[in-house]
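Structural description and commentary
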Amino acid sequence: MKRHTIGAALAAVLCAAALAPASALAQGKTLRIAMTAADIPKTHGQPDQGFEGNRFTGIPLYDALTHWDLSAADKPSVIIPGLATEWKVGDTDKTKWTFKLRKGVKFHDGSDFNADAVVWNVEKVLRKEARHFAPDQIGVTVSRMPTLASARKIDDFTVELTTREPDSFLPLNLTNLFMASPAHWQKKWDALGNVADPTQRAAQAWAAFAADASGSGPFKMARFSPRERVEYVANTNYWDPKRKPKIDRIVLLPMPEASARTAALLSGQVDWIEAPAPDAVPQIKQKGFVLHTNAQPHVWPWQFSMVEGSPWADKRVRQAANLCINRAELKQLLGGLMEIPKGTVSPGHPWWGAPKFDIKFDLPAAQKLMAEAGFSASKRLKVKTLTSASGSGQMQPVAMNEWLQQALRACYFDVELEVIEWNALFTNWREGAKDPKSRGAHATNVTFAAMDPFFAMVRFSSSRTLPPVSNNWGHYTSAEMDELISRARTTFDERGRDVALSRIHTKIVDDAAFLWVAHDVGPRAMSAKVKGVVQPRSWFIDIAPMSIQ
């Protein structure tokens, strides 16, 4: 980052700090975080802004039936009990799951968590006839658990969830269904008695709920200013003693520009920034800040369009792009803040399999494949890619894509980049390559977490996850892949499922379904006064156990 850029950003940040409310600048046990998002992720219980929303307005405010274990840095995260203490798939009917619920949990408004609350939260996104149905929450919820069909109360602390087909991934998917307080929402509805249209009344009730949220998580909403900040205070009555907050207050600030985030940290305006500017890392460390990184199951790709007429429909072209880029050079440019991928997961992972296509830098092999596909220095291939200027997990998207643009020139690609707002890019991820909002792009650059099999592979390769159901943006499908996915979904023992998943990964790599560019390490720069930080092998992180010295 150039010196004058840092200086300008620092001046702007200092000016903003001078005008900021005292609560945002409070010292002591207040933790101030600068996100990469350009807006506050939705706070009604189903966050947007990608998984940055889950990280900052999901996990702190809400609980799900199942949680990710974020307590260790030296092993992969696995699911653990959350608001459900145990669960079991039916012995004979594999579409029926029984969940036993945790007793004694209260929502922030003081109402009880129970089976009725679970049914209500399932119906908010699945049952159109429900009074509280929330269409704007469907895209970020149903696409992440597409087989869930219904919920039924068995007793006050037991629910039965039904899937449309046998699906061994369901407990993993449920980490994305956050439990909002039905009683609190009802109060918002009741206060809108002058709104006659029930659809409008429900939408307004959800908007009022989002500004005054009530979950059951370790933090409670204290102040909400759209597009500016959201503040939380500790939930001192949180049910899990290991996650009872040691921090009194959290202030979340959207700062999409890396230079502005970095300047905010160096000036003391914030205590924690996501994705610092790579060129500023030496200065950040020199000033005594701590840089937390860890190899994560998080992929930075181009997702190719396979629709008719797309240049990426030719596997030779996809493989050529993967062989054309020197990822070690990119890692150096990013100050080491990435890992070099060999696929969606790494060799040695239970899902690795035995792919024959080796993702590496081999320029002659790439040029040979392009020649076989009919391209050369005099007959170049034009491709267009969508990306964003910032966003959850996007790392340094403009700089990285401009590097790709130059690197791919050596293999006869002429790359057109179109930079759009992050949430628009993320929304188009579900609309698909055929949608007009794809702007004629042949690839999209949306990063993704690869912690569970649905998120890592299935949603990008199944004929059942084509837009708008989920994220098979590029319409990458085959009968063979559908059969492999069905086998994995219907295998309920872990070892057998891993074998089935390894066959899916093998096919995805051999088909070169993505341009695998980097695996993120989730760099977070923090003040040295923030203690108890665990940077897990996950795209998520848990603020609750942290403290401020």
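Counting restarts for each chain: residues are numbered from 1 in the order of the written sequence. Local features in a predicted model are, by the rule used here, given only for residues with pLDDT of at least 70; side-chain atom pairs are given and counted only at 80 or more, and totals for whole chains, interfaces and linings are based on all residues. With hydrogens and water stripped out, all remaining heavy atoms of the structure feed into the side-chain values.

Turning our attention to the overall build of the protein. Per the convention used, a helix needs a DSSP run of H or I reaching at least four residues, while a strand needs a run of E reaching at least two, with both numbered from the N terminus. Secondary structure assignment for the protein yields 17 helices and 21 strands. Rg of the C-alpha trace for the protein: 23 Å, near the compact-globule value of 24 Å for 549 residues, within the 12% margin. For the protein, the C-alpha atoms occupy an extent of roughly 70 × 65 × 50 Å along the three principal directions. Within the protein, the fraction of its 549 residues that count as buried is 59%. In what follows, a contact means two residues having at least one pair of non-hydrogen atoms within 4.5 Å. Considering only contacts within the protein whose residues lie at least 6 apart along the sequence, 69% involve residues at least 24 apart. Of the roughly 21,000 Å² of accessible surface on the protein, a fraction of 52% belongs to carbon and sulfur atoms. Working convention for charge: Lys and Arg count positive, Asp and Glu count negative, and His plus the chain ends are omitted. To locate a charge, take atom NZ for lysine, CZ for arginine, CG for aspartate or CD for glutamate. Between the mean site of the 67 positive side-chain charges and the mean site of the 56 negative ones, the protein shows a separation of 3 Å. This radius of gyration counts C-alpha atoms alone. The globule rule is 2.2 Å times how many residues there are, raised to the power 0.38. Three labels apply to residues, based on accessible area from a 1.4 Å probe with only protein chains included: buried if under 20% of the type maximum, exposed if over 50%, partly exposed otherwise in between. What sets the accessible areas is the Shrake-Rupley method with a 1.4 Å probe; for residues, cover comes only from the shown protein chains.

A few words now on the packing of aromatic side chains. Side-chain rings of Phe, Tyr and Trp (the six-membered ring for Trp) are treated as a pair once their centres are within 6.5 Å; stacked means planes under 30 degrees apart, edge-to-face means over 60, and tilted covers the remaining angles. Considering all chains together, one arrives at 25 aromatic pairs under this definition. Consider the rings of Phe448 and Phe514, whose centres lie 5.5 Å apart with planes at 40°: the pair is tilted. Here Phe448, found in strand E17 (residues 448–449), pairs with Phe514, found in strand E18 (residues 514–519); they are 66 residues apart in sequence, far enough to count as distant. With relative accessibility at 1%, the residue Phe448 sits in the buried group. Three or more aromatic residues link up through ring pairs in this structure, and these residues are Trp422, Phe426, Trp429, Phe448, Phe460, Phe514 and Trp516. Across from the ring centre of Trp539, 4.3 Å away, lies the NZ or CZ of Arg55, which sits over that ring. Consider the ring centre and the ring normal. A charge sits over the ring if Lys NZ or Arg CZ is within 6 Å of that centre and within 35 degrees of that normal. Sitting over the face of the ring of Phe375, Lys379 holds its NZ or CZ atom 5.9 Å from the ring centroid.

Detection works on a 1 Å grid of protein atoms alone, calling trapped sets that fit a 1.4 Å probe cavities and calling open sets with protein on both sides within 12 Å along at least five of seven lines pockets, with lining residues defined by an atom within 4 Å of a point. Grid points are joined across faces, edges and corners, and a volume is the space filled by probe spheres set on the points. Counted as a void, the largest pocket has a volume near 1,100 Å³. Lining the largest pocket are 40 residues, with Pro76, Ser77, His349, Trp351 and Met451 positioned closest to its centre. Secondary structure elements with two or more residues in the lining of the largest pocket: strand E4 (84–89), helix H5 (170–173), strand E13 (298–304) and helix H17 (494–510). When residues of the lining of the largest pocket are assigned to their parent elements, the largest contribution, four residues, is made by H17.

On to the state of the cysteines, then. Cysteine sulfur pairs qualify as disulfides if the two atoms are within 2.5 Å. Summed over all chains, the structure comprises one disulfide. Between the sulfur atoms of Cys324 and its disulfide mate Cys411 the distance is 2.1 Å. Here Cys324 and Cys411 share a disulfide; its torsion about the S-S bond, 105°, makes the bridge right-handed. You can see Cys324 sitting in helix H10 (residues 315–324) and its partner Cys411 sitting in the loop between helix H13 (397–407) and strand E15 (413–420), a full 87 residues away along the chain.

We call a set of buried Ala, Val, Leu, Ile, Met, Phe, Trp, Tyr and Cys residues a nonpolar core when their side-chain atoms join them within 4.5 Å. Of all hydrophobic cores here, the largest spans 122 residues; its most connected members are Phe413 and Ile543. Residues within four places of Phe413 in sequence aside, it is in contact with Trp312, Val317, Ala321, Met370, Arg380, Leu381, Val383 and Leu408.

Take empty space enclosed by the protein next. Gaps left between atoms are located by rolling a probe of water-molecule size over the structure's atoms. Under the criterion given, the structure shown has five cavities of 30 Å³ or more. The space that makes up the largest cavity amounts to roughly 170 Å³. Forming the walls of the largest cavity are 20 residues, and the residues nearest its centre are Ala275, Met395, Gln396, Asp520 and Pro523. A class-by-class count of the residues in the lining of the largest cavity yields eight nonpolar, seven polar and five charged. Size it by volume and the second largest cavity reaches roughly 100 Å³. Along its surface, the second largest cavity is lined by 14 residues, and Gly50, Phe51, Phe426, Thr447 and Phe448 are the ones closest to its centre. For the lining of the second largest cavity, the elements supplying multiple residues, two or more each, are helix H14 (422–431) and E17. Element by element, the count of residues in the lining of the second largest cavity is highest for H14, at three residues. Residues were grouped as follows: Ala, Val, Leu, Ile, Met, Phe, Trp, Tyr, Cys and Pro as nonpolar; Asp, Glu, Lys and Arg as charged; and all remaining residues, including Gly, as polar.

Further remarks concern the pattern of salt bridges. Salt bridges are identified by distance alone: a Lys or Arg side-chain nitrogen within 4 Å of an Asp or Glu carboxyl oxygen. Under the counting rule described, the total for this entry stands at 32 salt bridges. Among the ionic pairs, Lys507 bridges to Glu480, the shortest N-O distance being 3.4 Å. Taken together, the positions of Lys507 in helix H17 and Glu480 in helix H16 (residues 479–489) put the pair 27 residues apart, joining distant regions of the chain. Relative accessible area serves as the criterion here: at 48%, Glu480 is assigned to the partly exposed category. Among the charged side chains, a salt-bridge network with shared partners connects Glu52, Arg55, Glu274 and Arg524.

This brings us to unusual backbone geometry. Omega for the peptide link from Pro467 to Pro468 comes to 5°, which places this bond in the cis form. For Pro468, the location among the structural elements is in the loop between helix H15 (453–456) and H16. Phi angles above zero are rare outside glycine, and Arg439 is one such case at about 60°. With respect to the element layout, Arg439 can be found in the loop between H14 and strand E16 (443–444).

This part covers the sheet that holds strand E12 (residues 290–292). Backbone hydrogen bonds hold the strands of a sheet together, and the pairing may be parallel or antiparallel. Within the open sheet, the seven strands sit side by side as E8-E9-E10-E1-E11-E19-E12. Their pairing is mixed. Of all the strands in the sheet, just strand E8 (219–225) and E12 have a single pairing partner and so form its edges. Taking the axes of each pair of neighbouring strands and ignoring which way they run, one obtains an average angle of 20° across the sheet. Strand pairing follows a simple DSSP-based rule, namely that at least 2 bridges must link the two strands. Of the pairings in the sheet, the one linking strand E11 (residues 272–274) to strand E19 (residues 524–526) comprises three bridges and is antiparallel in character. Counterpart to Trp272 in the pairing with E19 is Met526. For helices, the fitted line uses only the C-alpha atoms of the stretch in contact; every axis is such a line through C-alpha atoms, and the angle between N-to-C directions lies from 0 to 180 degrees.

The next point concerns the confidence of the model for the protein. The predictor rates its confidence in each residue with pLDDT, a number between 0 and 100. Looking at the protein as a whole, its pLDDT mean stands at 93, while 95% of the residues score no less than 70. Contacts of residues 1–26 to residues separated by more than four positions or lying in other chains number 36 contacts, the stretch itself having pLDDT below 50.

Below, the discussion takes up the side chain of Arg229. Within the fold, Arg229 resides in strand E9 (residues 229–234). A distance of 3.4 Å separates the side chain of Arg229 from the side chain of Glu231, its partner in a polar contact. Counted as a polar contact is a pair of N or O atoms within 3.5 Å, where, for protein atoms, one must be capable of donating a hydrogen and the other of accepting one, and residues adjacent in sequence contribute only when both atoms are in side chains.

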